Amino acid sequence: QVQLGESGGGLVQAGGSMRLSCAVSGRTFSRYAMGWFRQAPGKEREFVGGITRGSINTHYGDSVKGRFTISRDNAKNTVYLQMNSLKPEDTAVYYCAANTLPYVAAQERDYDYWGQGTQVTVSS
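Residues numbered from 1 in each chain as written. Predicted model: local features only at pLDDT ≥ 70, side-chain atom pairs only at ≥ 80, totals over all residues. Heavy atoms only, no water.

Here the structure, examined in full by the defined rule, presents 5 salt bridges. Across the salt bridge formed by Glu46 and Arg38, the nearest N and O atoms sit 2.8 Å from each other. By relative accessible area, Glu46 is classed as partly exposed at 31%. Put simply, Asp62 and Lys65 hold a salt bridge, and the shortest N to O gap is 3.2 Å. Here Asp62 falls in the exposed class, since its relative accessible area comes to 66%. A relative accessible area of 47% places Lys65 in the partly exposed class. Taken together, the shared-partner salt bridges in this structure form one network comprising Arg38, Glu46, Arg67 and Asp90. (Salt bridge = Lys/Arg side-chain N within 4 Å of Asp/Glu carboxyl O. Buried < 20%, exposed > 50% of the residue type's maximum accessible area, 1.4 Å probe, protein only.)

Structure representation (C-alpha cells):
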C-alpha cells in the first residue's frame, strides 16, 4: 500500500509564492509518476501538473503554465509543487496522486493513490 501526505498549504497574498510537498511512503517512490490536482469549492477537480518517474518529463495544466513548477527528490520520497505569482483563483484544496504509468496522466481516473489534500488560500 502507498500512502501520500501533502503539506505546505496555507494563506498567501496574491502575487506571492508557496511550495507544497507530498511525501510518499509504503513502496519504492521512484516507481511512481506523480500528479497534482486541485479542487475549488463548487468546481470539479482540476489537473495542475505531473512529473514522470525519472523526472524526464513534466506536464502542466493551461491555467498554471509558466507559474507552477513540479519537481521530485527520489532520495527523499517527495514531490514538490512550487507555485509562483499566485492568484485568488488558485485557491483550492491541492492533492497529490501517484500511478505507475510511464507518462504524465491528466485524468483523475488514471491515478491509483491519493493524498488527503492541503488547503491553499490566495487573498486579493
